[in-house]
Amino acid sequence: MAGALLALAVLLAVGLGTLRVPPAVTLAAIGKGLTGKAASLGALERIVWEVRLPRVVAGALVGASLGASGAATQGLFRNPLADPYLLGVASGAALGATAAGLVLGHGGGAEFGAGAFGPAFAFAGGLGAVLLTLAVARAGPRATNDSLVLAGVVVSSILTAATAYLVLRDGERLRAVVSWTLGNLALAGWAEARGLLPYALAGVATLFAQGRALDALQLGDDTAYTLGVRVRPTRLAVIAGASLATGAAIAHVGSVGFVGLIAPHVMRRLGAASHRPLIVASALGGGALLVLADLGARTLARPSELPVGVIMTLVGGPFFLWLLRRGRP
Amino acid sequence: MAAASRRAVLGGSLALLAGCGRGRKAGGGGGEAPRDDLGRLVRLEREPQRIVSLMPANTETLYALGAGPRLVGRDDFSDHPPEARALPSVGGLETINVERVLALTPDLVVCSEFGAQAVALERAGLTVWAGSAQSYDEVFAVTSALGRLVGRAAEAEAVGAALKREVGRVEGALGGRPPVRVYYEIDATPYTVGPRSFVGTLIAKAGGRNVVPEGLGDFPKIAPELVVSADPEVMVGLSLGEARARPGWGAIAAVRAGRVRQLTPEERTVITRPGPRLGEGLRILAEIVHPGALG
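Calculation rules
- Sequence order as written defines the numbering, with residues in each chain counted from 1.
- All chains are assigned letters beginning at A, and all ligands numbers beginning at 1, according to the order in which they are written.
- In keeping with the model being predicted, local features are shown solely for residues with a pLDDT of at least 70 and side-chain atom pairs are shown and tallied solely at 80 or more, while totals for entire chains, interfaces and linings include all residues.
- For the purposes of this entry, the term helix denotes a DSSP run of H or I that reaches at least four residues, the term strand denotes a run of E that reaches at least two, and both are numbered from the N terminus.
- Labels follow a simple rule on C-beta atoms placed from the backbone: if 20 or more others lie within 10 Å of a residue's own, it is buried; if 12 or fewer, it is exposed; otherwise it is partly exposed.
- Residues are scored as being in contact if the C-beta atoms we place from backbone atoms lie within 7 Å.
- Taken over C-alpha atoms, the radius of gyration is set against a globule rule of 2.2 Å times the number of residues to the power 0.38.
- Paired strands, as defined in this entry, are two strands with at least two bridges between them according to DSSP.
- Every helix has an expected span of 1.5 Å times one less than the residues it contains.
- Interaxial angles span 0 to 180 degrees and are taken between N-to-C directions of axes, which are lines fitted to C-alpha atoms, for helices over the stretch in contact.
- Scored between 0 and 100, pLDDT is the confidence that the predictor attaches to each residue.
- Here roughly perpendicular refers to angles of 65 to 115 degrees, roughly parallel to angles under 35, roughly antiparallel to angles over 145, and oblique to all remaining angles.
- In this scheme the handedness of a crossing depends on how the near helix is turned from the far one: anticlockwise by less than a right angle means left-handed, clockwise means right-handed.
- Any residue that is not Ala, Val, Leu, Ile, Met, Phe, Trp, Tyr, Cys, Pro, Asp, Glu, Lys or Arg is counted as polar, Gly included; the first ten are nonpolar and the last four charged.

Considering the overall build of chain B
Counting secondary structure elements, chain B contains 13 helices and 9 strands. A buried classification covers 53% of the 295 residues belonging to chain B. The long-range fraction of contacts in chain B, counting pairs at least 24 apart against all pairs at least 6 apart in sequence, stands at 54%.

Structure representation (structure tokens):
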């Protein structure tokens, strides 16, 4: 079901865009690309194969990372609002990205795109923030979910304040940084897709492997322990998997919000009850959701683009409220 | 494009600000009173002798008008001419320290019409003229208004006329050359400039044809697909390496010919600041778009 949704979203997103490309040309471009004949692509075919398709693939990978991470984090914290952003990964990445601009300067590789240092800084910032949260929350035997969430929120606030201060000092970059915090897939190419793939796969696999343990955790830490679940390693594995996948996603395309919140809730509605199917379905559904949101971002105001985070929240926000009104799944 | 990005971020507060801006009571004498961009008539009792300028382009204009010696303060971004840097700064667009402005005892504050600073400064009892040029034509209008405000109307006309002559010389030197397709990038989002923006006007006068269509506004976030299909012959504002690394951009004419030109921060400032150095900005662009044409 979720897989079909993703396939449909990808088809639509590759077929539609700023320029009108006949379906036959789209198919020919994908055919040539997949058979290694990318050198012989025509002008329109090149746009499909080199601009549009990698952007869609990158969007699907980012959506999958965020969706699966959201599902697992909500399970871990037994909180329907949880996502990896709660632990500071987004605010840390934003600080890293902003710092890259200051350290490397304009045009010094601080921008985002293939071969730039920006993503490396953002990734380091995101993971650094999560590690800081874990350290502050004393991720020892006495760490509780509450202490982790509290530490995450406070770490996030501190890093966000630092980012805001740095951004306001550098008015020239204000627009670029704000755009980045709303998510931006515009320049995602095959290099970004390749960079995201291992993190998305490893992240989803790690989370999937903890699926049974997450099911047991829903009964409470103590009950899970008596069922043979080692609570602390499970917690660390989920946090590591979600943070790596989310951190890589944010590093490449900015902090897209809401996917990690919505995708798992929709999938629970559609019948994914235990965590293994829920994590897989949330990955597929999250991918579809982001691909569709980015399609809207590319086409609603063409040939100009809208921030994907704005589309996601304007459509996703009301949808989420509607889900809430219908009561808990 | 500091002013432009601020406009985008803060534009929403403009309506609010316009609503709060009170008309000043008419004073005696002081000559013709120029209206500012908030629609207020600003009358001065006498020629201002202690001026604080909070907009980089306006600071440059005041110096060009010969009013530099009367400036007593500036904002963080007013960095030209060099003597402006010696003035005490009172903060940035959203961080103006009103107490520091008051301590300078100005009889005129020239500030941006965007954001809340005009209202805050006026509430503190200061005489405020809030306005800035956002387009090519507005440069001449603001220069003229500032000239009347500080009693340098004749100088303002001379500065405006000299700028127009400088622009005319560049246009003359480029005369007859076919326009070149140009893509100008503000940042790697990618944000670019529309044909009607200040930079867009300079590109046209520099013999370029902006690949960005009209109707998207002055600072659109452009679809990369469009840039690839429009196939610009010259790209400005990013490096060749950056352009090559972008998905599908390697096939663009400008990239293949190596005609992708990063701007130094200084060049970017000159090109994007709608003030008395617009002729200089135009020459930089013309040299990039039509190398060697200016001789």
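What to know about the overall build of chain A
When you go through chain A residue by residue, the secondary structure sums to 14 helices and 0 strands. In terms of overall dimensions, chain A is globule-like: its C-alpha atoms have a radius of gyration of 20 Å, near the 20 Å expected for 329 residues. Seen through its C-alpha atoms, chain A measures out along the principal axes to roughly 65 × 50 × 40 Å. With 329 residues in all, chain A has 56% of them scored as buried. Relative to all contacts within chain A whose residues are 6 or more apart in sequence, the contacts with residues 24 or more apart total 77%.

Comments concerning helix 12 (residues 259-269) of chain A
When you tally the buried positions in helix 12 of chain A, you get 9 out of 11 residues, the bulk of the element. Gly271 of chain A sits one or two residues past helix 12 of chain A and shows a positive phi near 115°.

With respect to the pairing of strand 5 (residues 180-187) of chain B
All names here are of chain B. Of all 8 residues that make up strand 5, 6 are buried, and the element is covered over most of its length. Where strand 5 meets strand 7 (residues 208-210), 3 bridges bridge the pair, whose relative direction is parallel. Bridging from a neighbouring strand, Arg181 pairs with Arg209 of strand 7. Pairing geometry for strand 5 and strand 8 (residues 234-236), over 3 bridges, is parallel. Its bridge partner lying in strand 8, Tyr184 is registered against Val236. As paired strands, strand 5 and strand 6 (residues 191-192) are joined by 2 bridges and run antiparallel to one another. Among the inter-strand pairings, Asp187 is bridged to a residue of strand 6, identified as Tyr191. Linkage of strand 5 to strand 6, two consecutive antiparallel strands, is achieved through a turn of 3 residues.

A few points about helix 2 (residues 23-34) of chain A
Helix length check: helix 2 of chain A (12 residues) gives 16 Å between terminal C-alpha atoms against 16 Å at 1.5 Å per residue, within 8%. Following helix 2 of chain A by one or two positions, Gly36 of chain A adopts a phi angle in the positive range, close to 75°.

Looking at unusual backbone geometry
Cis geometry marks the peptide bond from Arg302 of chain A to Pro303 of chain A; its omega dihedral reads 5°. Position of Pro303 of chain A relative to the elements: it lies in the loop between helix 13 (275-299) and helix 14 (308-325). Its identity as a non-glycine residue notwithstanding, Thr105 of chain B has a phi of 45°, on the positive side. Relative to the assigned elements, Thr105 of chain B resides in the loop between helix 4 (98-103) and strand 3 (108-111). On the neighbour-count criterion, Thr105 of chain B (11 C-beta atoms within 10 Å) is exposed. Phi at Asp231 of chain B is positive, roughly 50°, even though this residue is not glycine. Counting through the fold element by element, Asp231 of chain B comes out in the loop between helix 9 (224-230) and strand 8. With 16 C-beta atoms counted inside 10 Å, the residue Asp231 of chain B sits in the partly exposed group.

Quick word on the sheet that holds strand 1 (residues 51-53) of chain B
Residue and element names in this part refer to chain B. The strand order across the open sheet built from 4 strands is 2-1-3-4, with neighbouring strands paired in parallel fashion. Sheet topology places strand 2 (71-74) and strand 4 (128-130) at the edges, where each strand pairs with a single neighbour. With strand direction ignored, the average angle separating the axes of adjacent strands in the sheet is 20°. Note: strand 1 against strand 2, 3 bridges, orientation parallel. Its bridge partner being in strand 2, Ile51 is matched across the sheet by Leu71. Contacting strand 1, strand 2 and strand 3, helix 3 (residues 56-64) crosses the sheet at an angle of about 140° to strand 1.

So, the confidence of the model for chain B
Residue and element names in this part refer to chain B. Across chain B, pLDDT averages 87, with 89% of residues at or above 70. Across chain B, the element-wise mean pLDDT spans from 36 in helix 2 (residues 12-20) up to 98 in strand 8. Here residues 1-31 is modelled with pLDDT under 50, and outside its nearest four sequence neighbours on either side it reaches 53 contacts, counting other chains as well. Per the prediction output, this complex has pTM 0.82; the corresponding ipTM is 0.78.

Section: the confidence of the model for chain A
Low pLDDT marks stretches whose predicted atomic positions should not be read closely. Looking at chain A, the pLDDT average stands at 85 and 91% of residues meet or exceed 70. Confidence drops under a pLDDT of 50 for residues 106-115 of chain A, and excluding neighbours within four residues, the segment shows 31 contacts in the predicted structure.

Considering the packing of helix 3 (residues 43-77) of chain A against helix 11 (residues 231-253) of chain A
Residue and element names in this part refer to chain A. At a closest axis distance of 9 Å, the pairing of helix 3 and helix 11 adopts a crossing angle of 150°. If you check the angle between helix 3 and helix 11, you find them roughly antiparallel. Handedness of the crossing formed by helix 3 with helix 11: left-handed. Across from Ala58, Val62, Ser65, Leu66, Ala68, Ser69, Ala72, Thr73 and Leu76 in helix 3, the residues of helix 11 making contact are Arg235, Val238, Gly241, Ala242, Ala245, Thr246, Ala248, Ala249, His252 and Val253. Classifying every residue of the contact of helix 3 with helix 11 gives 12 nonpolar, 6 polar and 1 charged.

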